[in-house]
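Examination of the molecular architecture
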Amino acid sequence: MESFELLLHGFTVALQPMNIMWVTVGGILGTIIGMLPGLGPATGVAVLLPLTFTMGPVAALITMGGVYYGAMYGGSRASILINTPGDGAAVAATFDGYPMTLKGKAESALAISAIASFIGGVFATIIMVFVSMPVARFAVKFGPAEYFMLFVFALAATASMTKGNRIKGFISMTLGLMIATIGIDAQSGVKRFTFNILELQSGIDFLVVIIAVYALGEVFKSFKNIAEGKKTIQTGFGKIWISMEEWKRCFWPILRSSPLGFFIGALPGAGGTMASLMAYNNEKQMSKTPEEFGEGAIEGVAAPEAANNAASVGAMIPMLTLGIPGSGTTAVMMGALLMLGLQPGPLLFQQQPTIIWGLIASMFIGNIILAVLNIPFAGIIVRVLAVPPRILYPIVLGLAFVGTFAISSSVMDFNLLIIFGIIGFVMSITNIPATPMILAVIVGSNMEQSFRRAYKISDADLSIFIASPICIVLIALTIISILFPIIKNIFEKIKK
Amino acid sequence: MPGPEQARQIFIIRGEKLSVSLITGLITFITGTTYTLIAMNLPAAPLGRANEPKIFPVSLGILMIILSFLLIAQEMKKRASKDNTEYEKAVFKIDNHIKSIILTVLNAAIYSFLFVRAGYVISTFIFVGLELLLFSGIKKWKSSALIAIIFSLAIYILFYKLLGVYLPMTPYIWI
């Protein structure tokens, strides 16, 4: 019961008044950002990261954690009320959430989405308490070759799972790895791709890439969509709560979707979007009245919301225990950790138990605070949705630049911000997904270093990468994840 | 989230239809080739194996070239099997929104020039103000100016005064 003791210790940290305040502040800001159209948790964490620069590591992580799950709660508010999901994970909430609003049942939809999110989040955090230590202990056995293969698997899975064209997913990933090779090579001191520009010698800060792609890219995209007209938003509400009958309908869907979401979230590449869509389809198939789905079935809101929040917690496990983020948002969270001088991975659990368990404990507290914020106060918070995009986007731009300056105190990074903003926009019009690139930029240099270390240990013998059973399993998983969509297609054809 | 309709966006250049994927394939090929060539000519490591710093980048470059071929091949195959009428529906227009993006980039360049010279509050007022004008139109200049000044002051107080993040000051004035 070592985990349990550590968790208690974590609670003594998380329950300090200042830390409760930070998780609340983070949660409110996250909820607001998550609600705004087009701005999901990844953008929220990226734009708000500079707020934490002067905090200690525990407070900083707790705040960012609050922003992260706050954005997950908030994302569905906009889906339900104006049919505009804040991010991919909130898309499934539009299927039945918006029809419920049209039928005058917005109160029930808002309440059940917060309740389901709460149960999904708390359930997943409980599993996390028990799973993370064994995973971290297992990961200590990994040598550089195993780590390299793990990176290969995580990136390949992410590129392969992204929606749309898989080849484009891999292009995005390769581009990210290329960006990560810019700068002075840590092992030999050779300058690579710096083109004699002094500022490029220390490499490109992944936070700049993240802010550029998520914030600037989003603003650039908005120019195209802004003329589409604004939807009116309901701001007057009755009591935001659900009836006993509605609760009975949602109870089992929530309990089924939470573990599903957690499991999918913990897989590399498959994030909240996939978890929520799977949970939705699952419930639709199991339902006795599938025809109600899409017309305002309350379990159609409950199931994806529970899954999506459970997935957001599940995704933290590979990031914290292995140093491998499984989604855009956890990649940004990992960026926050690295900025605080903490290297996520198995050793983090041994060296920094206070930080890790403080964070995990604060997830419980954060979920309680967010449920409170999102049920009784939902009517107040959703007023933010009335802010027109024409005001919102210039403010996001302003935040992106000040955030970038706060990272490095150098205006040089503004140029990189603009360049990567343009790259992000070009990627969006060519339908190249951004997530694999972001993950690759963050793990790229670690990946190359583990390759080089293994290469040195084996004296330039590449067979080290297939020498251990762990490596072979990882190679098999990589191949499966690349071929999975093809296999799935074949199966579907056979079915027909 | 790119929807299916977006996936069929087509650039029309001199009457010729070029699908986005084909252009992407070409850009990818050029990127991959340039990167590989630079990677191959990287200086040798002064210690240890001379080629070590090159191995990883060169492999990435080659992977990129392979991916570009795969993408082009996939697109050619699609074209051969589908009739082109479907492509006519969505036409990618280079119009106002590209203009707005170019203006935003120019505005950002001015911002980056003024940031240290004019100080945070003034340069941000100009940057956010211009951006608000770009989004809202010239008629709403009063509200834009007001929002811009509130934003730049609020961020200044939050970051500089409360959080202690360094921001450049305007010469000769207190902020």
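If you're wondering where the values come from, they're calculated on a predicted model, not measured in any experiment. (Residues numbered from 1 in each chain as written. Chains lettered and ligands numbered in written order. Predicted model: local features only at pLDDT ≥ 70, side-chain atom pairs only at ≥ 80, totals over all residues. Heavy atoms only, no water.)

What chain B contains, in helices and strands, is 7 helices and 2 strands. Order of helices (α) and strands (β) in chain B, N terminus to C terminus: α-β-β-α-α-α-α-α-α. When burial is assessed residue by residue, chain B has 41% of its 175 residues classed as buried. Of the contacts made within chain B by residues no fewer than 6 positions apart, 56% connect residues no fewer than 24 positions apart. When the accessible surface of chain B is split by element, carbon and sulfur atoms take 70% of a total near 10000 Å². (Helix = DSSP H or I, 4+ residues; strand = E, 2+ residues; numbered from the N terminus. Buried < 20%, exposed > 50% of the residue type's maximum accessible area, 1.4 Å probe, protein only. Contact = heavy atoms within 4.5 Å. Areas by Shrake-Rupley, 256 points an atom, 1.4 Å probe, with all protein chains shown as cover.)

Further remarks concern the overall build of chain A. Secondary structure assignment for chain A yields 21 helices and 2 strands. The C-alpha radius of gyration of chain A comes to 22 Å, within 12% of the 23 Å expected for a compact globule of 496 residues. Projected onto its principal axes, the C-alpha positions of chain A cover 70 × 55 × 50 Å. Looking at the 496 residues of chain A, the share that counts as buried comes to 62%. In chain A, of all internal contacts separated by at least 6 residues, the share reaching a separation of at least 24 is 79%. On chain A, roughly 18000 Å² of surface is accessible, and the fraction owed to carbon and sulfur atoms is 67%. (Rg over C-alpha atoms; globule rule 2.2 N^0.38 Å.)

A word on the nonpolar core. Ranked by internal contacts, the top residues of the largest apolar core, which has 192 residues, are Ile210, Met316, Leu320, Trp357 and Phe401 of chain A together with Tyr120 of chain B. Both domain 1 (4–88) and domain 2 (96–162) of chain B contribute no fewer than three residues apiece to this core. Apart from the residues lying within four places of it in its own chain, the contact partners of Leu320 of chain A are Met128, Leu337, Pro344, Gly345, Phe349, Ile356 and Leu359 of chain A. Of all hydrophobic cores here, the second largest spans 6 residues; its members include Ile264, Ala275, Ala307 and Ala311 of chain A. (Core = buried A, V, L, I, M, F, W, Y, C linked by side-chain atoms within 4.5 Å. Domains from an automatic or database assignment.)

Looking now at the interface of chain A and chain B. Across the contact, 63 residues belong to chain A and 65 residues belong to chain B. Both sides together, the interface formed by chain A and chain B hides about 5700 Å², and carbon and sulfur atoms give 79% of it. For the pair chain A and chain B, the number of links is 3 salt bridges. Between Asp459 of chain A and Arg49 of chain B there is a salt bridge; the shortest N-O distance is 2.4 Å. Taken together, chain A and chain B are joined by 6 residue pairs in polar contact (both at pLDDT 80 or more). For the side of chain A that touches chain B, the elements supplying multiple residues, two or more each, are helix 8 (166–180), strand 2 (191–192), helix 9 (206–225), helix 18 (389–408), helix 19 (412–429) and helix 20 (435–457) of chain A. It is helix 18 of chain A that contributes the most residues to the side of chain A that touches chain B, 12 residues altogether. For the side of chain A that touches chain B, the class distribution of residues is 38 nonpolar, 14 polar and 11 charged. (Buried area = accessible area lost by both parts, 1.4 Å probe. Salt bridge = Lys/Arg side-chain N within 4 Å of Asp/Glu carboxyl O. Polar contact = N/O pair within 3.5 Å; in protein donor to acceptor, adjacent residues only side chain to side chain. Nonpolar A, V, L, I, M, F, W, Y, C, P; charged D, E, K, R; others polar.)

For helix 8 of chain A, which comprises 15 residues, the first-to-last C-alpha distance of 21 Å matches the rise-based estimate of 21 Å (1.5 Å per residue) to within 8%. The element helix 8 of chain A is largely enclosed, with a buried count of 12 among its 15 residues. All buried positions along helix 8 of chain A are accounted for by Ile167, Lys168, Gly169, Phe170, Ile171, Ser172, Met173, Thr174, Gly176, Leu177, Met178 and Ile179 of chain A. Buried residues along helix 8 of chain A sit in contact with helix 7 (144–161), helix 19, helix 20 and helix 21 (469–495) of chain A together with helix 2 (20–40) and helix 3 (52–81) of chain B. Where helix 8 of chain A starts, the residue carrying a side-chain oxygen 2.9 Å from the main-chain nitrogen of Ile167 of chain A turns out to be Asn165 of chain A. (Expected span 1.5 Å × (residues − 1).)

What follows is about the packing of aromatic side chains. Across all of its chains, the model carries 30 aromatic pairs over all chains by this definition. Both rings, one in Tyr280 of chain A and one in Phe293 of chain A, keep their centres 5.5 Å apart while their planes meet at 75°; by these two values the pair is edge-to-face. Residue Tyr280 of chain A is located in helix 11 (residues 272–286), and its partner Phe293 of chain A is located in the loop between helix 11 and helix 12 (299–314); the two are separated by 13 residues in the primary sequence. Of the two residues, Tyr280 of chain A and Phe293 of chain A, both sit in the buried class. Directly above the aromatic system of Phe113 of chain B lies the positively charged group of Arg117 of chain B, at a separation of 4.1 Å from the ring centroid. (Phe/Tyr/Trp six-rings, centres within 6.5 Å; stacked < 30°, edge-to-face > 60°. Lys NZ or Arg CZ within 6 Å of the ring centre and 35° of its normal.)

Another aspect to go through is helix 2 of chain B. Between its first and last C-alpha atoms helix 2 of chain B spans 30 Å; for 21 residues at 1.5 Å apiece the expected length is 30 Å, and the two agree. Of all the residues in helix 2 of chain B, the buried ones are Val20, Ser21, Leu22, Ile23, Thr24, Gly25, Thr28, Gly32, Tyr35, Thr36 and Ala39 of chain B.

Turning our eyes to something else, we now look at the packing of helix 18 of chain A against helix 6 (residues 120–136) of chain B. It is at 9 Å that the axes of helix 18 of chain A and helix 6 of chain B come closest, and there the two elements cross at 150°. As judged from the angle between their axes, helix 18 of chain A and helix 6 of chain B are roughly antiparallel. Handedness of the helix 18 of chain A/helix 6 of chain B crossing: right-handed. Every residue of helix 6 of chain B that contacts helix 18 of chain A at Arg390, Ile391, Tyr393, Pro394, Leu397, Gly398, Phe401 and Val402 of chain A is listed here: Tyr120, Phe127, Val128, Glu131, Leu132, Phe135 and Ser136 of chain B. Tallied by class, the residues present in the contact of helix 18 of chain A with helix 6 of chain B amount to 11 nonpolar, 2 polar and 2 charged. (Axes fitted to C-alpha atoms, helices over the stretch in contact; angles between N-to-C directions. Parallel < 35°, antiparallel > 145°, perpendicular 65-115°, else oblique. Left-handed = near helix turned anticlockwise from the far one by under 90°.)

Bringing unusual backbone geometry into the picture now. All names here are of chain A. Positive phi is not limited to glycine here, since Asn431 has a value of about 60°. The phi torsion at Ala460 lies on the positive side, around 65°, for a residue other than glycine. Here Ala460 shows up in the loop between helix 20 and helix 21. Looking at Ala460, the relative accessible area reads 30%, which means it is partly exposed.

What follows concerns the environment of Ser362 of chain A. Residues and elements named next belong to chain A. Within the element layout of this structure, Ser362 appears in helix 16 (residues 353–374). The exposure class assigned to Ser362 is buried, which follows from its relative accessible area of 2%. A distance of 2.9 Å separates a polar side-chain atom of Ser362 from the backbone oxygen of Leu359.

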